[in-house]
Amino acid sequence: MIFLRLIWSYLKIGLFGFGGGYAMLALIENEIVGSGWITEQMFTDIVAVSQMTPGPIGINSATYIGYVAPMHSSPMFASPLWGIIGSLVCTLAVVIPSYLLVIKAAHLISRHKESAVVKGIFTGLRPVVVGLIASAALLLMNSANFGTSPYQLTASIAICVAAFVAVYFIKIHPILVICAAGVIGLIIF
């Protein structure tokens, strides 16, 4: 049944999604695109919308996929009510493991924060999180985001580089950069 598959996928995402939203992208993409619930284009759209809406991508994707997956799996689940149930189920499935892990980890870390073992674990985790975020960046550098024609590819790379320079070097607020990119995309595409 679709709901059991959704619960299982989002339990895995909630349990093994370390390092925040960007670090989880590869896992989320593997679970939801790999399962055939959405296309790669829809996934990149979810990532884009998630950056403009409140909440982390794991929860936003769970809510969205929970809503659309039942409708795409069977005509029996075509009612929006099944979508709402799917959204609730997936959102809870992704939140509960993280919630329980954070409660337990916070207790253990506060008790052993000066321990060499805990310090060593965190020292080892930091580069992994950076690697996972870099992996997410590479995952999003696909034809769905950059286009397939030479014009689209060139324009997309220029927008990407300009956004990076604007935020990282010039220190323009990311929301302004997102709005400007939307306007530029509307004009040139």
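Look above for the structure.
Residues numbered from 1 in each chain as written. Predicted model: local features only at pLDDT ≥ 70, side-chain atom pairs only at ≥ 80, totals over all residues. Heavy atoms only, no water.

Caption draft 1: How the structure looks around the overall build of the protein chain. Helix and strand counts for the protein chain come out as 9 helices and 0 strands. The linear arrangement of helices and strands in the protein chain, starting from the amino end, is α-α-α-α-α-α-α-α-α. For the protein chain, the spread of C-alpha atoms along the three principal axes comes to 55 × 50 × 25 Å. Restricting to contacts in the protein chain with at least 6 residues of sequence separation, those with at least 24 account for 60%. Of the roughly 11,500 Å² that the protein chain leaves accessible, carbon and sulfur atoms contribute 76%. A gap of 17 Å separates the mean positions of the 8 positive and 5 negative side-chain charges of the protein chain. (Helix = DSSP H or I, 4+ residues; strand = E, 2+ residues; numbered from the N terminus. Contact = heavy atoms within 4.5 Å. Areas by Shrake-Rupley, 256 points an atom, 1.4 Å probe, with all protein chains shown as cover. Lys, Arg positive; Asp, Glu negative; His and termini not counted. Charge placed at Lys NZ, Arg CZ, Asp CG, Glu CD.)

Caption draft 2: Spotlight on the packing of aromatic side chains. On inspection of all chains with the given rule, the structure shows 7 aromatic pairs. Relative to Trp82, the ring of Phe3 lies with its centre 5.7 Å away and its plane at 40°, an arrangement referred to as tilted. You can see Phe3 sitting in helix 1 (residues 2–16) and its partner Trp82 sitting in helix 5 (residues 80–111), a full 79 residues away along the chain. On the accessibility criterion, Phe3 (8% relative accessible area) is buried. Among the aromatic residues, ring-to-ring pairing joins Phe3, Phe77 and Trp82 into one connected group. The lysine or arginine in question, Lys171, covers the ring of Tyr168, its NZ or CZ lying 5.2 Å from the ring centre. (Phe/Tyr/Trp six-rings, centres within 6.5 Å; stacked < 30°, edge-to-face > 60°. Buried < 20%, exposed > 50% of the residue type's maximum accessible area, 1.4 Å probe, protein only. Lys NZ or Arg CZ within 6 Å of the ring centre and 35° of its normal.)

Caption draft 3: Region of the structure containing unusual backbone geometry. Here Lys171, not a glycine, exhibits a phi torsion of approximately 65°, which is positive. Assignment of secondary structure puts Lys171 in the loop between helix 8 (150–169) and helix 9 (174–188). Under the relative-accessibility criterion, Lys171 is labelled exposed at 60%.

Caption draft 4: Seen up close, the side chain of Thr44. As for its placement among the helices and strands, Thr44 is situated in helix 3 (residues 40–52). What makes Thr44 buried here is its relative accessible area of 3%. A distance of 2.8 Å separates a polar side-chain atom of Thr44 from the backbone oxygen of Gln41. For Thr44, the contacting residues outside a window of four places in its chain are Leu140, Asn142, Ala144 and Asn145. (Polar contact = N/O pair within 3.5 Å; in protein donor to acceptor, adjacent residues only side chain to side chain.)

Caption draft 5: A look at the environment of Gly55. Its location among the elements puts Gly55 in the loop between helix 3 and helix 4 (57–73). The exposure class of Gly55 is partly exposed, given its relative accessible area of 42%. Separated by 34 residues in sequence, Gly55 and Gly21 have C-alpha atoms that sit 9.6 Å apart. Leave out the neighbours within four places in its chain, and Gly55 touches Ser50 and Asn60.

Caption draft 6: Region of the structure containing the packing of helix 1 against helix 5. Across the interface, helix 1 lies against helix 5 with an axial gap of 8 Å and an inter-helix angle of 30°. It follows that helix 1 is roughly parallel to helix 5 by the angle criterion. Note on packing geometry: the crossing formed by helix 1 with helix 5 is right-handed. Contacts from Phe3, Leu6, Ile7, Tyr10, Leu11, Ile13, Gly14 and Leu15 of helix 1 reach helix 5 at Trp82, Ile85, Gly86, Val89, Cys90, Ala93, Val94, Pro97, Ser98 and Leu101. (Axes fitted to C-alpha atoms, helices over the stretch in contact; angles between N-to-C directions. Parallel < 35°, antiparallel > 145°, perpendicular 65-115°, else oblique. Left-handed = near helix turned anticlockwise from the far one by under 90°.)

Caption draft 7: Focus on the nonpolar core. Counting 26 residues, the largest nonpolar core has Leu6, Tyr10, Ile32, Ile38, Phe43 and Ile65 as its most contacted members. Of all the secondary-structure elements, those providing two or more residues to this core are helix 1, helix 2 (21–32), helix 3, helix 4, helix 5 and helix 6 (116–140). Excluding residues within four positions of it along the chain, Tyr10 makes contact with Ile32, Gly58, Ser61, Ala62, Ile65, Cys90, Ala93 and Val94. (Core = buried A, V, L, I, M, F, W, Y, C linked by side-chain atoms within 4.5 Å.)

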